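Architecture at a glance
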Amino acid sequence: MTTAIFARTYAQTRREIAMLLGDLMLTGTVGGAASGSRIWSGDITGQRANQYQGKQLYLDGGGGAQQERPIYASGVYSPGSASFLGSIDVLRPFVTVPSTNTTFLVTERLPAGAYNDAILRRARTAALKMLIERYDHSIVLDSRIKNGTFQLWAAGASSAPDDWTLTGTGAAVARRTDEVYPNLPYSARVISDGTNEATLRQDISPYALFTGEQFEARAIVHTTTADRVRIQVTDGVNTFNSSYHNGQGDQELTITGQTLATTLSRLRLDLRIESGSAVTAFWKKVGLKVGDAVYEYELDAAFMWLYRVLCEDGGDDGIFNLEIPSYAWYINGSQDPPRLALIPEAITPVFGRVLRVVGQVHPAVPSAETDNLEVNPDYITYKAAEDLLALLPWGEQDRRDWRTKYGAILREAEVLERQLSARPLPGSKAARRF
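This next bit is on the packing of aromatic side chains. Considering all chains together, one arrives at three aromatic pairs under this definition. With a centroid separation of 5.2 Å and 70° between ring planes, the pair formed by phenylalanine 215 and phenylalanine 240 is classed as edge-to-face. Taken together, the residues phenylalanine 215 in strand β13 (residues 214–223) and phenylalanine 240 in strand β15 (residues 239–241) connect sequence positions 25 residues apart. Across the pair, phenylalanine 240 and phenylalanine 215 agree in class, each one buried. The lysine or arginine in question, arginine 175, covers the ring of tyrosine 186, its NZ or CZ lying 4.5 Å from the ring centre.

Let us now look at helix α2 (residues 112–127). Helix length check: α2 (16 residues) gives 22 Å between terminal C-alpha atoms against 22 Å at 1.5 Å per residue, within 8%. If you check which residues of α2 are buried, you get Ala112, Ala114, Tyr115, Asn116, Ala118, Ile119, Leu120, Arg122, Ala123, Ala126 and Ala127. In this structure, the buried residues of α2 make contact with α1 (10–20), β4 (56–61), β5 (68–75), β7 (103–107), α3 (377–389) and α5 (407–419).

Glancing now at empty space enclosed by the protein. Summed over the entire model, instances satisfying the criterion amount to two cavities of 30 Å³ or more. Taken as a whole, the second largest cavity encloses approximately 30 Å³ of empty space. For the second largest cavity, the full set of lining residues is Arg14, Gln56, Leu57, Tyr58, Leu105, Thr107, Pro111, Ala112 and Tyr115. When residues in the lining of the second largest cavity are grouped by element, the largest group, three residues, is from β4. Among the residues forming the lining of the second largest cavity, the class breakdown is six nonpolar, two polar and one charged.

Along the polypeptide, valine 309 turns up in strand β20 (residues 303–311). Separated by 31 residues in the primary sequence, valine 309 and alanine 278 have C-alpha atoms spaced 40 Å apart. If we skip the residues at most four places from it in the chain, valine 309 touches Leu322, Glu323, Ile324, Trp329, Leu340, Leu355 and Arg356.

Glancing now at the pairing of β20. Most of β20 sits inside the fold, with seven of its nine residues counted as buried. Here β20 pairs with strand β24 (residues 355–361) via seven bridges, running antiparallel. When the sheet's bridge partners are listed, leucine 310 is paired in β24 with arginine 356. For β20 and strand β25 (residues 429–430), the ladder comprises two bridges, and the chain directions are antiparallel. Residue tryptophan 305 lies in a different strand from β25, and its bridge partner there is alanine 430. Relative to strand β21 (residues 322–323), β20 runs antiparallel, the two being bridged by two bridges. Bridging from a neighbouring strand, cysteine 311 pairs with leucine 322 of β21.

Attention shifts here to the sheet that holds β13. Read from one edge to the other, the open sheet built from five strands follows the order β10-β11-β18-β13-β16, with strand pairing classed as antiparallel. In this open sheet, the two strands that pair with only one neighbour each are β10 (172–176) and β16 (249–259). Going from strand to strand, the sheet's axes swing by 30° on average, the running direction of each strand aside. Note: β10 against strand β11 (residues 187–191), five bridges, orientation antiparallel. Counterpart to arginine 175 in the pairing with β11 is alanine 188.

Conventions adopted
- Residues numbered from 1 in each chain as written.
- Predicted model: local features only at pLDDT ≥ 70, side-chain atom pairs only at ≥ 80, totals over all residues.
- Heavy atoms only, no water.
- Phe/Tyr/Trp six-rings, centres within 6.5 Å; stacked < 30°, edge-to-face > 60°.
- Helix = DSSP H or I, 4+ residues; strand = E, 2+ residues; numbered from the N terminus.
- Buried < 20%, exposed > 50% of the residue type's maximum accessible area, 1.4 Å probe, protein only.
- Lys NZ or Arg CZ within 6 Å of the ring centre and 35° of its normal.
- Expected span 1.5 Å × (residues − 1).
- Contact = heavy atoms within 4.5 Å.
- 1 Å grid on protein atoms, 1.4 Å probe; cavity = no way out; pocket = protein on both sides within 12 Å on 5 of 7 lines; lining within 4 Å.
- Points joined across faces, edges and corners; volume = space filled by probe spheres on them.
- Nonpolar A, V, L, I, M, F, W, Y, C, P; charged D, E, K, R; others polar.
- Pairing = 2+ DSSP bridges.
- Axes fitted to C-alpha atoms, helices over the stretch in contact; angles between N-to-C directions.

Below, the structure written as structure tokens:
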């Protein structure tokens, strides 16, 4: 989780730049779409047919987002629509058909690709020159499970969280903020399809280290359906199950006092919704203790520097008021990603407690339309707009007039750029070799 985030998305920034340059003709939400290359919307208004012919359509939110198409025809209303909505036809069929929550914009002179290039170029330039603070809560102490609190989602908020695999016909997973472990931003919500089981799964490697070992598995999960949700450990020989969730909100499911086979062929933890009617489960924290105590943990690969490491004190979940002294931890940079290493002589990891790792990262460059900019969006807006001036069919006088009108803001953006700092916080330890 990054703290220095500005509440302006990639999509919003693109629209602001297009408005600033006088290039934004139309914005709206799709009311219906044909399977090929036509959309309808009550927001498509105009005085005449084909008013938007030759302009550029871009889908900037919802189903089918980030598709760009030239417009070859448009209508104030379409006879094919019972609601008499305006229509737009594009030259190439949509790869993913827009849905009724899809938002769009129409630009007159520059395609969305040009806006994207300018935004990303300026975002990368600034990102390399600055560091921002980040918290990571993905480490569960003395556990073999990676991303045990579901904080890392590199594949996106609707794909399985990092290090986990979703299985089950019709199963769906999503990153959620409404049912979470205390003071953590995310949980993993899994929904079964109403017939089949749905499972989040993680395989521990190398499993051969744990032959004949006792283990302990624990998971905190929220559901309101009884007798359908449980955890399961398998070793290729044996299957170990927890009791079922009682359907009364948050509950910790456990498997204790069990021993792995001496001929095990895997070590797998499953977070299961059993087959039957549709069930929703919010998985919040998971741990698997087996073998020797764990003193090294993979770090979020984005970290450049680490500043502090804090731990739950065991009194209240999500209260990180126990600081691990700087002398008790170091960064093992010999592996990729680097590892946070605890010094055995200085600390004993307590199974199940969550760490809060505080460090610095370079700001992320946006990719999804809903991504917030981690670089000052005003800087991006005006510097990207300046770059795009060279692409517009304006005369030199037009460009001089624009720079005169917005000159003070451009100068402010340049001052901000000169003030960007990539200095680590005092006392930080390098997470990567430079």
